[in-house]
Amino acid sequence: MMKQLTLILGLGIMFIPPSYASMDLAAALSSKKVCERTDGYIQATLGNEEEVANLVNAVNSKRTKVYSDIAAKDGLDPAAVGMTMAEHERTANPGKFCR
């Protein structure tokens, strides 16, 4: 139960874009400039825009910290946490994933 609660809290945290990012994650996903990967990270899909690259780096960096923190707290592998987060997101928003 505690691990599930930690994952749910982590899901909320991982999708908050950093305040310094000029592009919003939700906007980037809806415009298909980025997509969600099955490992819990995002990747750019269109072009090589600096703004998109900055967003991808910032979000993925934040997610790495969240996954590592959850993994350390619950005795899990960070990669497994990322994949679990991605699976939860895929269930809620299947259209946001890379093909």
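These notes cover the structure that comes with them. This one's a predicted model, so the numbers in the text were calculated from it and none came from an experiment. (Residues numbered from 1 in each chain as written. Predicted model: local features only at pLDDT ≥ 70, side-chain atom pairs only at ≥ 80, totals over all residues. Heavy atoms only, no water.)

### Some words on helix α3 (residues 50–74)
An α-helical turn contains 3.6 residues, so any two residues separated by three or four positions project in the same direction.
Item 1. If you check α3, its first and last C-alpha atoms are 36 Å apart, about what 25 residues at 1.5 Å a residue would give, namely 36 Å.
Item 2. Taken residue by residue, α3 has Val52, Leu55, Val56, Ala58, Val59, Asn60, Arg63, Val66, Tyr67, Ile70, Ala71 and Asp74 as its buried positions.
Item 3. Positive phi appears at Gly75, one or two residues downstream of α3, with a value of about 70 degrees. (Helix = DSSP H or I, 4+ residues; strand = E, 2+ residues; numbered from the N terminus. Expected span 1.5 Å × (residues − 1). Buried < 20%, exposed > 50% of the residue type's maximum accessible area, 1.4 Å probe, protein only.)

### Side note on the state of the cysteines
Item 1. If you walk through the whole model with that rule in mind, you get 1 disulfide.
Item 2. Disulfide partner of Cys35: Cys98, at an S-S distance of 1.8 Å. The sign of the S-S torsion, about 90 degrees, decides the handedness of the disulfide formed by Cys35 and Cys98: right-handed. Remark: Cys98 occurs in the segment after α4 (78–92) and Cys35 occurs in strand β1 (residues 34–36); sequence separation between them is 63 residues.
Item 3. According to the relative accessible area criterion, Cys35 is buried, its value standing at 6%.
Item 4. By relative accessible area, which is 26% here, Cys98 ends up partly exposed. (Disulfide = S-S within 2.5 Å.)

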